[in-house]
Amino acid sequence: MGKGIWVHWVMMLLHLVAVVIFTRGFLLTRTELPNFSQCDDVSQSPCFFQNQSHNQKRCWSKPAIDKLVIIVFDALRFDFVAPSTFFQEKKPWMNKLKLIQDLAATNASSARIFKAIADPPTTSLQRLKGLTTGGLPTFIDVGNSFGAPAIVEDNLLHQFAQNGKRVVMMGDDTWTQLFPHHFQKAFPYPSFNVRDLDTVDNGCIEHLLPYLHRGDWDVLIAHFLGVDHAGHIFGVDSGQMIEKLEQYNTVLQNVVEALEIQSAPGGLHENTLLLVMGDHGQTVNGDHGGGTAEEVETSMFALSFKNPPSSIPAEFDTSSCGLDSDKRNICISSVQQLDFAATISALLGIPFPFGSIGRVNPQLYALGGGTWNFEDSLGNCQNQPKLNEWMLNYVNVLCTNSWQVKRYIDIYSASSVVGFSHEDLLHIGNIYAKAEERWSQTTKKLLSHKKESCTELLPALKRQVEEYSTFLASVAELARSKWTEFNLKLMGTGLGIMLISLIIHFLAIKKVKEQYGFSFTSSGDSGISFGLIFACFVGVIRACSFLSNGFILEEGKVACFLLATTGFVKLRSSFMKKKMILEAFVFLLLVTICRFTIQFGLSKQAPSSEDMSAYPSWMLGITSLWSFVAEVLPVLALILLALLLNKAITRSSPEGMWKYIIMGTGLSYILIAVHWALESNLLDLAWVLKDVGSNCIPRLVYAIGVGQLLLVAINQLFIKQKSSEGSKILSTKAVAMFSVWSSTVIILLGKQGPFIALVFIIGGYCIMRLDNVELDGKDGGSWNLMLDPVPVTQWSLFAVCLFFCTGHWCAFDGLRYGAAFTGFEEFVLVPQAILLTMDTYGFSLILPIFGIPFLVACRGQTEKGKQPILGRLSLVYMIYGLIVATSVTATILCVTIHRRHLMVWGLFAPKFVFDVGLDSEIGNGSNKELACESMKKQERQGGFKANYFIFAMMFLDNIGFVANMVNLVLYFMFVIHFDISGSATTTTNYLGTAFLLTIVGGFISDAYMNRLNTTLLFGVTELLGYMLLIIQSHYKKLQPLPCEESTCVHGTKALLFYASISLIGLGGGGIRGAIPALGADQFNYKKPEERKHIASFFNWLLLSITVGAVVGVTFVVYVSTRVGWDIGFIISLSCAAAGLFIVALGKPYYRVRVAGESFGGQCKELEGGYASKLLDKAAILPKGVDAATTSKWKVCTVTQVEEVKILTRMMPILLSTILMNTCLAQLQTLSVQQGILMNTRIGSFDVPAATIPVIPLLFMSFLIPIYEFTFVPLLRKFTGNPNGITHLQRVGVGLVLSAISMTIAGFVEVKRKHEFIHHNHKISLFWLAFHYAIFGIADMFTLVGLMEFFYREAPTGMRSLSTSFSWLSLSIGYYLSSAFVELVNSITGNFTDSKLGWLEGRDMNKNHIDYFYWFLAILSVLNFANYLFWANWYTYKNDVTVDEEMVIKADQVGADTSQSASATCASVSFVSKN
């Protein structure tokens, strides 16, 4: 079993990779653009504006109000505000906000109730983001609700601050998380403790009224949370909710009174607008997050203290009127929350947020009409009604509104990888063009000649409003339907890998079954049993049920039905065998109880969620007569549970560590009972809590649980168990693990916890007993090796049922957030996330996994020895894992099929998230990948603190990678059995390929994925390669036998061999193509204080590589050659995995650049362009072609052309360094082979020959800090260069030293051969240290110089690709080495007596490696001369930014324009002209 453990890891890795890839394709997000609206932008619009006097200040629209008061009542349902007569049935919570209804009835012209429609998901963060940006936050942002990142795209708060509006905020601290620097004064209060109904509200009340009497603000925001929290904990139909609503009514009375007193002409609030609104609704149970009517329908109430001029035209009035309970007429309008940002911007006269796609709502906008001075705009049409003047202003605003939305859609589609299709853009473009044509040809002319056209003006304005409204409605509809585009390639790849993993999973089960001789039939043969067919049938039925949204809604009932079906099958067997009939009936009874529990627990019409949160669902509806019993029953259940656990543990292992674990569980149960007693209303012990604190006992329970886990770990690691007691040990450990986890899960679940735990134990016992119903009649023999998959299937279904029994369901409003604060008052992310996870998955995942050994322990009592029990346990776990993986695969398939379903975000996506268990990870990664690099980063991102993760990763990864660079030549010789030249050639080909593939990593990170994700992707690829290499090095059967040929590996062994080193090469190369640029990106090149650190970064990056290499070529090489190749490769695998984990941990600290920012060089015209003039033509549009509709693949920007020129000019520098890396290849091949024939001992210690490269690495490790802290400052004084010397000078120094190194290497080989042939003496291995050390210094100069040169000189969007050219030089150098070896052998073989070349054969004492070294030294001198020419020719790039949007239109430019364009091109072509 231990040897096959790698199969489990491979399956887990495949599942994880499949889920991550599918998630990346399915949960894409809208790209957040870095653009911000400015006041002067509106000059680009075609909209009409009245002439203004010099002292009249105006931005995008005419300001309608001076001050704005926004009061947000979180989770404000529509029926909280609207009169009860508007609904079919009156509910207790209705008509509590009486003031709003009174104002709407008595001041109909200046007060209006709105039904506000929110867009799902209806979580607070998404709604606040949608309200302030005017956009549609996507589903993927839901995970951010617990760690709200600051909003970086344009929004209302940014516009307030930018345009001098002073904002005061009080209440929910989510506002300060989203907008950390936008408030003049803020009074935030912690919002995540849903059990706290008053802290936030009291804070708002404390500051709200005083600020209404102050004039030092323009916008006041008060966000109350009591209604939302009361709903979560107690439900809508509860006394606490009604108290909160009545409190809010009193608050509103005081607010309106304070505003009215100061609303007289000249008063503080003469031009103030009051908005009372909700961010979303809530269900009767107090939940929200989905898209049901209860959740998306909320309320908005607007009150102006001046009457508008008149009613708006009937065509724009969406009101529905009716009588309230006092027979007063009340009209209620509707508004989309999407329109909020645009409407508020228009009322305050500020620019609309750049990403806003909403429409200025006419009715809400009309409420501000009473504050306009109409005489200013009446013009020559003195007799025109004021309605016309309101229409004139509204049309102006709507024109600007439409222009802004069209501008945003155009820029979004041009810059986003998740843009709209060409057909969609054409459709909305036609609608806008039609509205624009009417505006310019009809409406605008009428507005310019109002005196002559008064009678025609109003109808024309109405038609214009209709056309603009049609355009805006079309854009909103398009955004809602297609905002999130799915990446079908990634989704298909993830689904394919998941299906492959299922096949591997199935084959692994088959292998383990055959290994231990288990069978699915009682006869012991390999046939198919009824149990196997039935289990597969049940699994397929459940998987197919996910294809229907109705079955997903009723998933708990479906699971209960299938579980009951399996129960009836077992009941039939019990009757036939006349055994265990009681267990079968008890099991069916439990399933029935679970079924009714789910029915009541998930009902949206539950009378009170307060009871459901405190008691199990079957206890709903108990009367006050039984309230005492309800308090006592959970405690009695706890006592019974403790007795059962104590009996189970004492029966199997009455002594030792287990006794203390059970004692700890008993103590925890006592503390839980005390905790419930203190919180009980019957005992009235609240005074005790004031002294002890309500958080003390839960934290004690958590601490005891952690201590129990430590005891279990100590017992497992340090106390040996007798192998003959395998079944008893297994059952003991299972009981102990249940005991450890149960106390924490129970206290989180509340008073339903003990009952669920009893159901879990009794149900598990019944499943375990019924597993033997077919076997009790048998007498020994093959039945002992039978394994029935039906009990495992039952266990899986039982876990699903318990998930729903505990009041959860697969939706975000199914999360019991209150459980996360059991034992805590403040919100702390890590403990709250752990507690919420344990509450959600405690009885459905955690305890069932630890309970699986119960299914094996009973059967194991008849098996002798430890191995059969462990084999059965392994097989049962694998079957359980296959069932879960099949369920996840079915979920993936269903969301793929239903990705355009109406309920995809409300139902299918939450189901997917809950099944794969990736909720938090999705939220953390939501918008970071698509955020633009040019956006303003937070202070905590970037710099050396971000690079520490990269340094650690490169240190760990290079332990294995560099060790293999010098080690594989020996592995190829002694394990794969290549000859000397074959092993050297294969090694250099492998290394050449690895470094060539850095181009792939660089290209992908520039064009398709960001650099961090590229690193992670190739890191996983490298790990897969190491796994294959470990397998081949471990199993002799997979290794070739020695032979007399140059290569001995063929067939499937060759396939495995080349696949393993190819994956390692691809992974290692891809990492090195992305990671240097990722690290350098952490410094802002535009800031001098950060730019100077880039050179230091490359030095420290090389140091981390070098130190890792030192460990690799000493420790790993020694382990590989002296202990075992497989052990060495396992160490490499472990280090690479640890490095990958560390670099992923640094994600919150990185400045991550978006892929594809500037990667557009693959244009059609570039295919034939080799000279500068031809390249310039790629930026010129053909005649008759419109730039707006031209694909980016048909024409290039000037920037893209200049990027290609820059790369072209850098090529000679790259080519001049190739020969140096050919020399480097000899140090990792021929010099290592030399070392084998030299004296490798230091005293009694035998040094592996492959360890000799540690000498240059040690030199580099010491010299890099000296160079950074001593050499650079010294040279800086003489040269004035911040880096001491230029990049090209640094490269030149390295080229000179490499020639010297090769010369010395030749002399060392002469001495070695002379001593061995003439004196039979092996010289010391450390003679190689001379040329190794010199070459190490050369590498320090050249590699860092090249990387910094390519990074600094490359275009911003191609820095990964350009930096990978440093490694490309290595790659070509290794390939050239292989070519030189073959070429030298073929030529020199013609002049030797043996007809063998200088490097041919297996006897190095007959070869002429010295000649080869000197040959490379001569070439290095010639290459340096060539390098001097190109380095002198090269001119460094100036730090000039090129306008990426510059495109020369050939058909629209005259002679003068052509000359101007040519001059512009000449000015930006700074590289090719210098």
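Residues numbered from 1 in each chain as written. Predicted model: local features only at pLDDT ≥ 70, side-chain atom pairs only at ≥ 80, totals over all residues. Heavy atoms only, no water.

1. Some points on the overall build of the protein
Helix and strand counts for the protein come out as 52 helices and 13 strands. By residue count, 59% of the 1474 residues in the protein fall in the buried class. Of the contacts made within the protein by residues no fewer than 6 positions apart, 80% connect residues no fewer than 24 positions apart. (Helix = DSSP H or I, 4+ residues; strand = E, 2+ residues; numbered from the N terminus. Buried < 20%, exposed > 50% of the residue type's maximum accessible area, 1.4 Å probe, protein only. Contact = heavy atoms within 4.5 Å.)

2. Some remarks on the packing of helix α27 (residues 753–770) against helix α28 (residues 789–805)
Contact pair α27 / α28: the axes reach a minimum separation of 11 Å and the direction vectors enclose 165°. Judged by the angle between their axes, α27 and α28 are roughly antiparallel. Judged by the twist between their axes, the crossing of α27 over α28 is right-handed. Contact with α27, carried on its side by Ile-756, Val-759, Phe-760, Gly-763, Gly-764 and Ile-767, involves Pro-791, Gln-794, Trp-795, Phe-798, Leu-802 and Cys-805 of α28 and no other residues of that element. Counted by class, the contact of α27 with α28 contains 9 nonpolar, 3 polar and no charged residues. (Axes fitted to C-alpha atoms, helices over the stretch in contact; angles between N-to-C directions. Parallel < 35°, antiparallel > 145°, perpendicular 65-115°, else oblique. Left-handed = near helix turned anticlockwise from the far one by under 90°. Nonpolar A, V, L, I, M, F, W, Y, C, P; charged D, E, K, R; others polar.)

3. Things to note about the state of the cysteines
Inspection of every chain in the model, using the stated rule, returns 3 disulfides. A disulfide bridge connects Cys-39 with Cys-59, and the sulfur atoms are separated by 1.8 Å. An S-S torsion of about -120° defines the bridge between Cys-39 and Cys-59 as left-handed. Separated by 20 residues along the polypeptide, Cys-39 in the loop between α1 (5–26) and β1 (67–73) and Cys-59 in the loop between α1 and β1 bring together distant segments of the chain. When its relative accessible area of 12% is taken as the criterion, Cys-59 is described as buried. Paired by a disulfide, Cys-47 and Cys-399 hold their sulfur atoms 2.2 Å apart. Judged by the sign of its S-S torsion, about -90°, the bond between Cys-47 and Cys-399 is left-handed. In this pair, Cys-47 is assigned in the loop between α1 and β1 and Cys-399 in helix α13 (residues 386–415), connecting sequence segments 352 residues apart. The two residues Cys-47 and Cys-399 agree in class, both being buried. (Disulfide = S-S within 2.5 Å.)

4. Description of helix α44 (residues 1218–1227)
Across the 10 residues that make up α44, a large majority, 10, are buried. Three or more residues of α44 are buried, namely Ile-1218, Leu-1219, Met-1220, Asn-1221, Thr-1222, Cys-1223, Leu-1224, Ala-1225, Gln-1226 and Leu-1227.

5. Observations concerning the packing of helix α47 (residues 1287–1319) against helix α50 (residues 1409–1433)
It is at 8 Å that the axes of α47 and α50 come closest, and there the two elements cross at 165°. In terms of their interaxial angle, α47 and α50 are classed as roughly antiparallel. Pair α47 / α50 crosses with left-handed handedness. Of the residues that constitute the contact of α47 with α50, the class distribution is 18 nonpolar, 6 polar and 3 charged.

6. With respect to the sheet that holds strand β8 (residues 320–323)
The 9 strands are arranged β4-β3-β5-β1-β6-β7-β2-β9-β8 in an open sheet whose pairing can be described as mixed. Looking at strand neighbours, the two that pair on one side only are β4 (185–189) and β8, the edges of this open sheet. Across the sheet, the mean angle separating the axes of adjacent strands is 20° when strand polarity is ignored. (Pairing = 2+ DSSP bridges.)

7. Here's the deal with the pairing of strand β5 (residues 219–224)
Among the 6 residues in β5, 6 count as buried, and that is most of the element. Burial of the side chains of β5 extends over both faces: Val-219, Ile-221 and His-223 are buried on one face and Leu-220, Ala-222 and Phe-224 on the other. Pairing of β1 with β5, which is carried by 6 bridges, proceeds in the parallel orientation. Within the sheet, the bridge partner assigned to Leu-68 lies in β5 and is Val-219. Pairing of strand β3 (residues 167–172) with β5 involves 5 bridges; the strand directions are parallel. Pairing of Val-167 across the sheet is with Val-219, part of β5.

8. Re the confidence of the model for the protein
Confidence along the protein averages 76 in pLDDT terms, with 76% of residues attaining 70 or more. Taken element by element, the predicted model of the protein shows its lowest mean pLDDT in helix α52 (residues 1470–1473) (29) and its highest in β5 (96). Counting interchain partners and residues more than four positions distant, the pLDDT-below-50 stretch residues 1157–1171 has 38 contacts. (pLDDT = per-residue confidence, 0-100.)

9. Remarks on the side chain of Asn-1099
Looking at the element boundaries, Asn-1099 is found in helix α40 (residues 1093–1123). For Asn-1099, a relative accessible area of 4% corresponds to the buried category. When sequence neighbours within four positions are dropped, the list of residues in contact with Asn-1099 reads Ile-1264, Tyr-1267, Glu-1268, Arg-1290 and Val-1344.

10. A short note on the packing of aromatic side chains
Applying the stated criterion to the full structure yields 37 aromatic pairs. The structure contains a cluster of three or more aromatic residues connected by ring pairs, namely Tyr-971, Phe-972, Phe-978, Phe-1057, Tyr-1058, Trp-1125 and Phe-1129. Note that Lys-67 overlies the ring of Trp-217, its terminal NZ or CZ placed 4.7 Å from the centroid. Over the face of the ring belonging to Tyr-211 we find Arg-214, whose NZ or CZ atom lies 4.2 Å from the ring centre. (Phe/Tyr/Trp six-rings, centres within 6.5 Å; stacked < 30°, edge-to-face > 60°. Lys NZ or Arg CZ within 6 Å of the ring centre and 35° of its normal.)

11. Notes on the pattern of salt bridges
Going through the model one piece at a time under the given rule, you end up with 23 salt bridges. A salt bridge links Arg-77 to Glu-294; the shortest N-O distance between them is 3.3 Å. Of this pair, Arg-77 sits in the loop between β1 and α2 (78–81) while Glu-294 sits in helix α10 (residues 293–296), and the two are 217 residues apart along the sequence. Residue class for Glu-294 comes out partly exposed when judged on its relative accessible area of 27%. With a closest N to O distance of 3.0 Å, Glu-554 and Lys-557 form a salt bridge. Of the residues examined, Lys-557 reaches a relative accessible area of 22% and is grouped as partly exposed. One continuous salt-bridge network, built from bridges that share partners, spans Lys-98, Asp-102, Asp-324, Asp-326 and Arg-328. (Salt bridge = Lys/Arg side-chain N within 4 Å of Asp/Glu carboxyl O.)

12. Quick notes on unusual backbone geometry
One non-glycine residue with positive phi stands out, namely Met-580, at about 55°. One can find Met-580 in the loop between α19 (555–577) and α20 (581–601).

13. Some thoughts on a nonpolar patch on the surface
Together, Val-629, Leu-633, Leu-636, Ile-639 and Leu-643 make up an exposed nonpolar region whose accessible area comes to about 420 Å². Within the secondary structure layout, Ile-639 lies in helix α22 (residues 627–652). (Patch = residues over 30% accessible without salt bridge, like charges linked within 9 Å, V, L, I, M, F, W, Y side chains within 5 Å. Areas by Shrake-Rupley, 256 points an atom, 1.4 Å probe, with all protein chains shown as cover.)

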